[in-house]
Amino acid sequence: MTDVVTPTAADSGSSATEQFQQRDRARGSATPADTARVDAMATEALEALRAVIRKYQLTYAEYHAVKAWLIKLGEDGEWPLFLDVFIEHEVEKIATEGREGSVGSIEGPYYVENAPELGSAGTPPMREGEPGTPLHFFGQVRTVAGEPVQGAVVDFWQADADGLYSHFAPGIPEWNLRARFTTDAEGNFAIDTVHPSPYEIPIDGATGILLAAAGWHAWRPEHLHIRVSAEGYHTITTQLYFEGSDHVEDDIAMAVKDELILAPTATDDGRGEQVRYDFVLDPA
Ligand code: DHB
Ligand code: FE
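Residues numbered from 1 in each chain as written. Chains lettered and ligands numbered in written order. Predicted model: local features only at pLDDT ≥ 70, side-chain atom pairs only at ≥ 80, totals over all residues. Heavy atoms only, no water.

1. Quick word on the pattern of salt bridges
Tallying each qualifying case throughout the model produces 15 salt bridges. Residue Asp251 pairs with Arg220 through a salt bridge whose shortest N-O separation is 2.7 Å. In this pair, Asp251 is assigned in the loop between strand 9 (236-242) and strand 10 (261-262) and Arg220 in strand 7 (residues 219-220), connecting sequence segments 31 residues apart. Take Asp251: its relative accessible area is 7%, and that puts it in the buried class. One continuous salt-bridge network, built from bridges that share partners, spans Arg23, Glu107 and Glu113. (Salt bridge = Lys/Arg side-chain N within 4 Å of Asp/Glu carboxyl O. Helix = DSSP H or I, 4+ residues; strand = E, 2+ residues; numbered from the N terminus. Buried < 20%, exposed > 50% of the residue type's maximum accessible area, 1.4 Å probe, protein only.)

Structure, rendered in structure tokens:
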């Protein structure tokens, strides 16, 4: 690419922090009122940490390194990235347990509300010659009883071929590869996009220091993000992955589920691929 802007972890990290804080203020999240629950969870979390310290006989040098690293994680604005990669998948599983409809996956740090609305079918905003194989992704939204849901909002976002998300990395047009679709009378939607690329979590900040120190890779498999909402139903926040793609078996964010792996086929003109995926909503 000829882009002269070199995005850094600090860029994506601090915009993820700002974005999170904005939405958190709008949600109005307050200090939890259940003292007994906070007491139990904080006590056990701290004891689990102390157990690791005892087990591995943590040295003062390591203690200082951890302190410095935690400070840097905050300075780099990477808490949203770090938590969404290593922790969110566990929270997501609990939140969606017992649902009969489509399975969810983590939201990640890069969702932005109020993306452009394109009706039931269309192409998300993208640059001229946006890199990536054309991908026609379509499907139906229906209830667990099999009824089509008209007017469901299919909120869609993905990274570009360099693994960068608009609104977070600099130098990418506003709303690039982000759009909202609304299902038609049959519950259908259709999105003309590009096949996503694998995503490398930023490695030039504090998270990268941990990855290097532990010898872990930094990759998430290619994925599309989708959030499906409709009045009277539980919102589904999920991601779709691609069969046989790199890191689909070893996602650093542990957010792949078998039901979410797509196997697109070539389009008749041979220039792109197509895939269907239906979303099934649980009543709220
Ligand atoms: C992260 C990035 C993603 O694109 C995603 O889907 C999940 C997590 C992250 O860097 O934390
Ligand atoms: Fe993502």
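2. Details of the environment of Ala36
One can find Ala36 in helix 2 (residues 35-56). Sequence separation between Ala36 and Phe242 is 206 residues; the distance between their C-alpha atoms is 43 Å.

3. A look at the sheet that holds strand 10
Sheets are built from strands that pair by backbone hydrogen bonding, the pairs being arranged parallel or antiparallel. Overall, mixed pairing links the 5 strands, which are arranged 4-3-8-9-10 in an open sheet. Each end of this open sheet is capped by a strand with a single partner; those strands are strand 4 (178-182) and strand 10. Pairing between strand 9 and strand 10: 2 bridges, direction parallel. Of the residues in strand 10, the one forming a bridge with Tyr241 is Ile261. (Pairing = 2+ DSSP bridges.)

4. Considerations on the site of ligand 1
With respect to spatial proximity, 14 residues lie near ligand 1, and among them Leu81, Val85, Tyr165, Arg220 and His225 are the closest. With respect to ligand 1, the backbone of Leu81 contributes an N or O atom lying 2.7 Å from an oxygen atom. Side-chain polar atom of Gln239 to an oxygen atom of ligand 1: 3.4 Å apart, as the coordinates give it. Notes on ligand 1: free accessible area 290 Å², of which the protein chains cover 100%. If you tally residues by element for the shell around ligand 1, the top one is helix 4 (residues 79-86), at 3 residues. (Near = heavy atom within 4 Å. Polar contact = N/O pair within 3.5 Å; in protein donor to acceptor, adjacent residues only side chain to side chain. Areas by Shrake-Rupley, 256 points an atom, 1.4 Å probe, with all protein chains shown as cover.)

Geometric descriptors of this kind do not, in isolation, establish any biological role.
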